[in-house]
Amino acid sequence: MASDHILPVLDVLQKEMLLFASLCFLIGAIDDMVFDGLWIFYRLKRRLFVYSRFRRATVETLGDATPDGRLAIFVPAWNEAPVIGAMLERCLRQWRAGAYRIYVGCYPNDQATIAAVAAAAAGSRELRLVICRQNGPTTKADCLNHLWDALCQDEIEEKRNYAGVVLHDAEDLVHPEELRLLRHLVSRAALVQLPVIPRRATRSRWIAGHYGDEFAELHGKQMVMREALGASMPSAGVGCAFARDALMKLSARTQGKPFDAQSMTEDYELGLKLTEGDSRGIFVRLRDQRGQLVATQEFFPDKLADAVRQKSRWIAGISLSGWDRLGWNKGWRENWMRLRDRKATIAAMVLAIAYMAVILTAIMLVAEMLGFYQLQPVSEFLGILLVINAGALIWRQLLKSCFVFALYGLREALLSMPRTVVANIINIMAAWRAIGHYTSQLVGDPVNWEKTTHFFPDANDVQELRPNFSDGERN
């Protein structure tokens, strides 16, 4: 029988794949355990020696480090007519009149978005529409460079400089005290980053929901430790402020274009460039008087194709192109953080192998139950690896669920565990797509603005956050 020849081969293949995946998982588990241990030590030290001695500040108690410093908010927009008007009106309502101006970049061939921005800008001195010179889409960085040119021209005409540049997307839900906090800190650092909180669309608990799981840990632990270790700070692209002087110095070295139009992840790279060396980046987690976190909230993709497209851009820009474009650093802390950023593609490939091994295991167990084949036992070494990795997996799931619980409550914390499978499938698909993007870029294909479809929330389409975090529709 054919099965007499095929099944033994599948048995060997299954064990080889399990061994390879287990060894890779062990290396990753050691890395995560060391990082988690440092984070726990840092949190305990802060709680014992800082929180116990000083009363926790709220954003309302802060004075402006630069009281006269204006902030420029950059919002690049391409085909954002369904959301941009409501977003801008909400920003103007939340922030009231003040020392800021919102620069919105649109394209000549996107008349619907231009009309929506113009309607929101009617009667407002805090909003300026900027039309890019080329038809869209070009790249997000190119659009941001047009906004930078407009800001520099305004500074010349008004004979007054801005203190910082804030980035937001067309679907963001902003906090009313955001500008106060950013204005207070932007004179002290090249980059100030606020947490990003993905909102939960009730119709996409699994696909959109996995973003919340990832960002809860990313902005609850990893970004906090990057700052604590003194490593450079990547920008999330929204809810972040760049010091105007830092951007001007970079602009002088890049022919007046601080945002790199050849990068797939210009925000990530810009943050690393501005905060490496002696420059400083601040990741700030501060609450208002109601106990709500000052953060940027938004709805992430709720469809599989959109999620894969968005994450493939992140992986291609950070994990693949970032290796070429940014290289490595002399310090071990910086290189460690960059290695953690860039392991996404390898991790996705290892996950794919692991899932194939699991499928083969299921096939072999069925064959054994039917009496077609006697499954060979795993080696003692592989058995030990599987036990260690199982323990590491349980630790990772429990720790992640704690971060999710702090943001979204017990139900979402429990769902975050099975939702890991959904996240892994999305990451595997995105990694394969990212490799294609990266390969096409290597042969000279231009970088395109691969945007996802956004929507601005309806009050009936929002899942509540825990009370100690801000609700975007009630601020």
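1. Notes on the environment of I282
At step 1: Inspection of the secondary structure assignment puts I282 in strand 8 (residues 281–283).
At step 2: Here I282 falls in the buried class, since its relative accessible area comes to 7%.
At step 3: Sequence-wise, I282 and R226 are 56 residues apart; in three dimensions their C-alpha atoms are separated by 9.5 Å.
At step 4: When residues no more than four places from it in sequence are discounted, the contact partners of I282 are L185, A189, L191, V192, Q193, E227 and M233.

2. With respect to the packing of aromatic side chains
At step 1: Evaluation of the coordinates by the stated rule reveals 12 aromatic pairs.
At step 2: Between W95 and Y100, the ring centres sit 5.5 Å apart and the planes meet at 75°, which makes this aromatic pair edge-to-face.
At step 3: Judged by relative accessible area, which is 8%, W95 ranks as buried.
At step 4: Residue classification places Y100 among the buried positions, given a relative accessible area of 5%.
At step 5: Among the aromatic side chains, those forming a connected cluster through ring pairs are Y211, F215, F300 and W314.
At step 6: The ring of Y211 carries the charged tip of K311 above its face, separated from the ring centre by 5.7 Å.
At step 7: Geometry around W328 places R342 over its ring, the cationic atom sitting 4.5 Å from the centre.

3. Describing helix 3 (residues 111–121)
At step 1: Along helix 3, the residues classified as buried are T113, I114, A116, V117, A120 and A121. Seen along its axis, helix 3 keeps its buried residues to an arc of 165°; they face one direction. When the buried face of helix 3 is taken as reference, the exposed residues oriented beyond 90 degrees from it are Q111 and A119.
At step 2: On its buried side, helix 3 packs onto helix 2 (81–95), strand 2 (100–106) and strand 3 (127–131).
At step 3: Two residues or fewer past helix 3, G123 is found with a positive phi of approximately 80°.

4. Some words on the pairing of strand 3
At step 1: Bridging between strand 2 and strand 3 involves five bridges; their strand directions are parallel. Residue pairing across strands places I102 opposite L127, the latter belonging to strand 3.
At step 2: For the crossover from strand 2 across helix 3 to strand 3, the handedness is right-handed.

5. Quick look at the nonpolar core
At step 1: Core analysis: the biggest nonpolar cluster contains 69 residues, and F74, I102 and V104 have the highest contact counts within it.
At step 2: The residues touching I102, leaving out its near neighbours within four places in the chain, are I73, V75, L88, C91, L92, W95, E126, L127 and R128.
At step 3: Counting 20 residues, the second largest nonpolar core, distinct from the first, contains V196, V238, A307 and A431.

6. Focus: the confidence of the model for the chain
At step 1: Mean pLDDT for the chain: 88, with 91% of residues reaching 70 or above.
At step 2: A low-confidence stretch, residues 459–475 (pLDDT under 50), is modelled with 68 contacts involving residues beyond four sequence positions or located in other chains.

7. Overview of the sheet that holds strand 3
At step 1: What the seven strands build is an open sheet, ordered 3-2-1-4-7-5-8; its pairing is mixed. Either end of the sheet is taken by a strand with one partner, and the two such strands are strand 3 and strand 8. Between one strand axis and the next, the sheet turns by 20° as a mean value, whatever way the strands run.
At step 2: Relative to strand 2, strand 1 (residues 70–76) runs parallel, the two sharing six bridges. Within strand 2, the residue paired with A72 across the bridge is R101.
At step 3: Its contacts with the sheet put helix 3 on strand 2 and strand 3, and the angle it makes with strand 3 is roughly 160°.

Parameters at a glance
- Residues numbered from 1 in each chain as written.
- Predicted model: local features only at pLDDT ≥ 70, side-chain atom pairs only at ≥ 80, totals over all residues.
- Heavy atoms only, no water.
- Helix = DSSP H or I, 4+ residues; strand = E, 2+ residues; numbered from the N terminus.
- Buried < 20%, exposed > 50% of the residue type's maximum accessible area, 1.4 Å probe, protein only.
- Contact = heavy atoms within 4.5 Å.
- Phe/Tyr/Trp six-rings, centres within 6.5 Å; stacked < 30°, edge-to-face > 60°.
- Lys NZ or Arg CZ within 6 Å of the ring centre and 35° of its normal.
- Arc of directions from axis to C-beta.
- Pairing = 2+ DSSP bridges.
- Right-handed = clockwise from strand over helix to strand, strands pointing away.
- Core = buried A, V, L, I, M, F, W, Y, C linked by side-chain atoms within 4.5 Å.
- pLDDT = per-residue confidence, 0-100.
- Axes fitted to C-alpha atoms, helices over the stretch in contact; angles between N-to-C directions.

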